[in-house]
Structure formats: C-alpha cells, structure tokens
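What the coordinates show
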Amino acid sequence: MFHWLEKHPFFFAVGVFVVIAFAGLIEIVPNFAQASRPVIGTKPTTLLEQAGRDVYIKNSCNACHSQLIRPFKAETDRYGHYSLSGEYAYDRPFLWGSKRTGPDLHRVGNYRTTEWHENHMRDPKSVMPSSIMPGYPWLYTNKTDINTAYATQLTNAQFFGVPYNKPIPMKDGSTAVVKMAGSVAEAHKMALEEAKEVVSRMKDQDVKDAVANGDIPEIVALIAYLNSLK
Amino acid sequence: MNKLYLWGIIITIAMLGATYATVGYQKGGLNDDIVNMLAIAGAVALVIITVFVVIKYVRQMQTDQATGELADESWDNIGEYKNPVPFGWAIMFLGTIIWGMWYFIIGYPVDAFSQIGQYNEEVAEKNAKFEKEYANIKGEKLVEMGESVFLAECVVCHGANADGIDGESADLNRRIDEESVKYVINHGSNNKLLGTEMPMPDRNGLFNANTGALISDAEIDAVAKYVANGFPADDKEGAAVFAGVCSSCHGADGRGMAYVAPNIREYTSELIVNVLTHGKKGAIGTMPSLERLNAKQKEAVAAYVISISKGE
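Model, not experiment: these values are computed from the prediction.

Focus: the interface of chain B and chain A
If you look at the interface, chain B gives 25 residues, while chain A gives 25 residues. At the boundary of chain B with chain A, total buried surface from both sides reaches about 2100 Å², with 53% on carbon and sulfur atoms. Area buried by chain B at its contact with chain A is led by B:Tyr119, B:Val156 and B:Arg292, which between them contribute 28% of it. Our count for the contact surface shared by chain B and chain A stands at seven residue pairs in polar contact (both at pLDDT 80 or more). Those elements that provide at least two residues to the side of chain B that touches chain A are α4 (115-134) and α5 (140-158) of chain B. Per-element accounting of the side of chain B that touches chain A gives the leading share, seven residues, to α4(B).

Digging into the nonpolar core
Among the nonpolar cores identified, the biggest contains 46 residues, and A:Leu48, A:Met121, A:Ile219 and A:Val220 are the most heavily contacted of them. For this core, the elements supplying multiple residues, two or more each, are α3 (47-58), α5 (108-111), α8 (146-159), α9 (184-199), α10 (205-212) and α11 (218-228) of chain A. Examining the composition of this core, we find that eight residues originate from one element, α11(A), more than from any other. Apart from the residues lying within four places of it in its own chain, the contact partners of A:Met121 are A:Met133, A:Gly135, A:Tyr136, A:Pro137, A:Leu139, A:Tyr140, A:Ile219, A:Leu222 and A:Leu226. Listed in part, the 26 residues of the second largest apolar core include B:Val143, B:Cys154, B:Leu172 and B:Ala300.

Digging into the domain arrangement of chain A
Entries for chain A in the domain assignment read domain 1 (2-35) and domain 2 (47-228). Inter-centroid distance (C-alpha atoms) of domain 1 of chain A to domain 2 of chain A is 44 Å.

What to know about the packing of aromatic side chains
Per the counting criterion, the structure on display carries 16 aromatic pairs over all chains. With a centroid separation of 5.0 Å and an interplanar angle of 10°, the aromatic rings of B:Trp99 and B:Tyr103 are classed as stacked. Taken together, the residues B:Trp99 and B:Tyr103, both in helix α3 (residues 87-107) and four residues apart, mark about one turn of the helix. One aromatic cluster is present, formed by B:Trp99, B:Trp102, B:Tyr103 and B:Tyr108 through successive ring pairs. Positioned above the aromatic ring of A:Phe160 is the side chain of A:Arg92, whose terminal nitrogen or guanidinium carbon lies 4.0 Å from the ring centre.

Quick word on the pattern of salt bridges
Note that side chains of opposite charge can pair when their charged atoms are close. Residue and element names in this part refer to chain A. According to the stated counting rule, one finds 16 salt bridges over all chains in the structure shown. In this structure, the salt-bridge partner of Arg-201 is Glu-115, at a minimum N-O distance of 3.2 Å. Within this pair, whereas Arg-201 is found in the loop between α9 and α10, its partner Glu-115 is found in helix α6 (residues 114-122), the two being separated by 86 residues in sequence. When its relative accessible area of 26% is taken as the criterion, Arg-201 is described as partly exposed. With relative accessibility at 6%, the residue Glu-115 sits in the buried group.

Quick look at the confidence of the model for chain B
Detailed reading of predicted coordinates is not advised where the pLDDT is low. Of all residues in chain B, 98% attain a pLDDT of 70 or more, and the chain-wide mean is 86. In the model output, the complex is listed with pTM 0.70 alongside ipTM 0.71.

Focus: a nonpolar patch on the surface
Residue and element names in this part refer to chain B. Together, Phe-93, Leu-94, Ile-97, Ile-98, Trp-99, Met-101, Trp-102, Phe-104, Ile-105, Ile-106 and Val-110 line one region of the surface with nonpolar side chains, adding up to about 1200 Å² of accessible area. Relative to the helices and strands, Ile-98 is located in helix α3. Overall, Ile-98 belongs to the exposed group, its relative accessible area being 57%.

Cut-offs and rules
- Residues numbered from 1 in each chain as written.
- Chains lettered and ligands numbered in written order.
- Predicted model: local features only at pLDDT ≥ 70, side-chain atom pairs only at ≥ 80, totals over all residues.
- Heavy atoms only, no water.
- Contact = heavy atoms within 4.5 Å.
- Buried area = accessible area lost by both parts, 1.4 Å probe.
- Polar contact = N/O pair within 3.5 Å; in protein donor to acceptor, adjacent residues only side chain to side chain.
- Helix = DSSP H or I, 4+ residues; strand = E, 2+ residues; numbered from the N terminus.
- Core = buried A, V, L, I, M, F, W, Y, C linked by side-chain atoms within 4.5 Å.
- Buried < 20%, exposed > 50% of the residue type's maximum accessible area, 1.4 Å probe, protein only.
- Domains from an automatic or database assignment.
- Phe/Tyr/Trp six-rings, centres within 6.5 Å; stacked < 30°, edge-to-face > 60°.
- Lys NZ or Arg CZ within 6 Å of the ring centre and 35° of its normal.
- Salt bridge = Lys/Arg side-chain N within 4 Å of Asp/Glu carboxyl O.
- pLDDT = per-residue confidence, 0-100.
- Patch = residues over 30% accessible without salt bridge, like charges linked within 9 Å, V, L, I, M, F, W, Y side chains within 5 Å.
- Areas by Shrake-Rupley, 256 points an atom, 1.4 Å probe, with all protein chains shown as cover.

What follows is the structure, given as structure tokens:
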C-alpha cells in the first residue's frame, strides 16, 4: 500500500490532503455547527419587522451601520452584550456590515425607542446635534411593501426551515410563537395590526392617519424592525 | 597543516573582521554599548562553531565509506540504506507524540486561546480597576463622573442642556412638568420607581379626602400646576387638592414615603437609579432601561441630575 503510494505522487498528494483536512474537519465543523445554531431567545422577524428589514436594506442603512458587536469592553459598554453567531441564524441575508460611519445597531432596540426613532429619522440633528446622518423624510410617505416581505417569510419558512408558527424556546424557559399568515390578505391584516401598535407610540398625525386608513408608511415598518433588534 | 583547516581559519578571521567592522562603525560603537559587545561575543561563538562543524562534516564526506543493508526499492538506481533513525530525530519524534497527547487532552479542550476568555479577563481587569479607583468617589467628583456618563448615554434624548429637546424627553432641570402630572393622574403609574412594583391608581382610584369624591378635571389642573411649579406657598387651591388627594402617599410636603410613593418635589438618588435600572413609561413616551451602567455610574448620573435640577 505505502510502496504503491510512494510510486504514485498524485494519489500520495490526495492522501496527504485527506489526512490534514481531517484534522481541520474535526476541529472546525463541530464548533461551527454548535455556534451557528439559533441562540435561545432568538426569534425570526414578524411580517412588519421583515418589511422593515427590507426598508433597512433598500435605504442602505447597512452601508454605514454594522450589526455586529465585537467582544471588547469599549464596545460592550456602549452597545451591550457582544454578538453571538447563533443570533444571526434567521438573518437572510445577514446585515453585519463592514463599516461603522454610524454606531452599531445590533441591539438598538434595547436603548432607543419608537418616539426617538420617529424624531431621529426625519431630522437626525434635531436629537443629536453632532450627527452626520442625513434625514430620511420619504420614509414617512412611502408605503411599505408587505407583499415582498410576506414572500420572503414564505421562502424562509419553506426552503430554509425558519420556524414560523412553531414554538421557539425563550430565555425564561417559556416558548413563543411567531405567527406567519396563511394568505396574502391575512398577511396585510397582520401587518396592519402590528403597525397599529407601533403607531400608538408615534406623534406624526399623517402617519397615524395613513395607518388608520390601512396604509403602512415605511417608517412604521422600519421602527418595528429596529425595536426588534435586541 | 590540512588545507581544509587553513581555509577554516581564513574564513573565520574574515567573518569576525566583517562583524567587527559592522558593529564597530555603528552608532554607539563597541565601547559604549553592552548590547553591541554581547552581539560581538555571540557572533564570535557562532562563527567558530559553524566553521568547525562544517569542517567536520566535509572531512566525513571525504573519508566515509558507505556500509549497511540497502532497501529493496531503488529509484533511477538511487538506493537507500536501512539506517536506524538518528537519535536526535527519535527524541523529537517521541516528544511530538507526548506534546500531541497533551494538546489532545488539555491543550486544545481546556487551555486553548479564546477571544471570549480574553474579553472576560479584560472586563474583569477594567472593572476591578474601576472599583478600586472610584470606591469612595463622592461630592464634586461624583457629579463630574455623572456628567461624563450623561454626555455619553443620556444626551441623545435629553439634550446637552438636559432640557429634553423641545419635549422629546423629560426636562431634567425640573422635577416634573404639568403634562406628566396630569398623565399620571389620568392613567395611573407603575414604573418601579421605588425598585419594586408599587402601582399608583388612575383617576378612578384617586379620592379627594376633602370632598369625599373622585378627583375632578378642575382639581387635576390645579394640582398639576401646583406640583409642576414646585409646591409654591401662595397656590392655596393646588395645595388643598394635594393635601386631599396626593399627600396620603406622597407625603404632606411631596417628598414621598419609603416603600409607598416616590418624591415628586425633587429628584432623589434612589429614584433616578431605579429609572435607569427599569426604564420608564409616561406622558412623553418610553425611556429604555440603561441596565449596562454599573451601580456607581447610576449613582453618579443621579448626583449630576440632582445638581442640574437645583440649577448648579
């Protein structure tokens, strides 16, 4: 066997590769599989949050804001607990970002509120005079694309096994269920229910009126998404 | 003398000369710098050892005769002796096996580098340093620390002057505004301001002891004005409502009662620490909890807010 290998350099090279790759395999794969499992308490996005996520991507928020807190004291003091890989288990695509022109947003839901976002997104300088972020006034008039968000949810559930309508273990030992609509009409209804809850904390009368009429401005979806980042 | 040794000596002298020249002409030279002297000594040893080891093997190559049993294989007629493994190699091989066992059992699973472990060490070290440095901080220094925390954490909502940026958040230069008093009376309150759940009833549970009836709209306006303006002595109407409705829990002077109701006349350290810990929901909106501040930082923010509410 070994004499044979010594006379066939190509197969010898393959054998060497297999032996070395095996060592890597047993060290890397189990850890990776463990770390990429969803962390207890990680929930998939609800419909309105998913729509807000699309707004986030559409406006390229991820070009200036990361969603990845590194394990350094300076960062955890400012943003909260460092990020774990399992927390991104349902992120598709991930929004880690590679540049921080603005602050990290991975746990922004813990320390910013609906009211704050409402003021901030229209004119960031009004709440943070030194901010260099531009305003996003069109979010208050553009309508949210619920159909696409629902299609994304369906895709995630069917092809990637994201557990919608299934019990998800939470940190306190209980289980939570993130509901997904069964039809497009039901989806619109569900999104509107969620939007009403967000809007009840908002001040802008036009936004309130729009939601009362059954339209959801993008700002509502975006705030729902940002509030879900914890 | 053997020609080989002659060459050895010539090369040794040449290399030592080159070393001497290189080090000698450098800044510091040979005399002033102990490191340069050590480098020279090391170079002398290295050169001599190298040259004479090379000489030994060259001589061995010149005189050695091949002996021993040949292996079966030959590649293009180049054979291989079945020599035993050299002793040094054998030692290294065994050493590698022992190291491998250590790494397999302890090195990788128990003692491996982890960035989270490094992070935990960093945090423990910084926290210990913080505890040590600020264990007995008080007075002016505490207010200064509070100001720096405020500028980092609170300023985004409360503004640099702590005036709440046109009603976007609470104005911390005063204890409470009229709008908030009315909101609390109308909706009740359950904000863990004393650290535990201690709900205040809404207007359907607030009786005026003077009239024996539920608090009325006019009375709410009067008492809101009275509380928001800091309990002015000349506001008899508001004072009467306060005495009838609020004083049973908040105290006759509005300074609160332990375990029952918070001070609504001025800020207290306990109140602010609890708001920072639990967050707050009120007329203006929701304030998130700032749990990640440590106890000393919360105390410092409290000291700072108390100092600005007094106009200092």
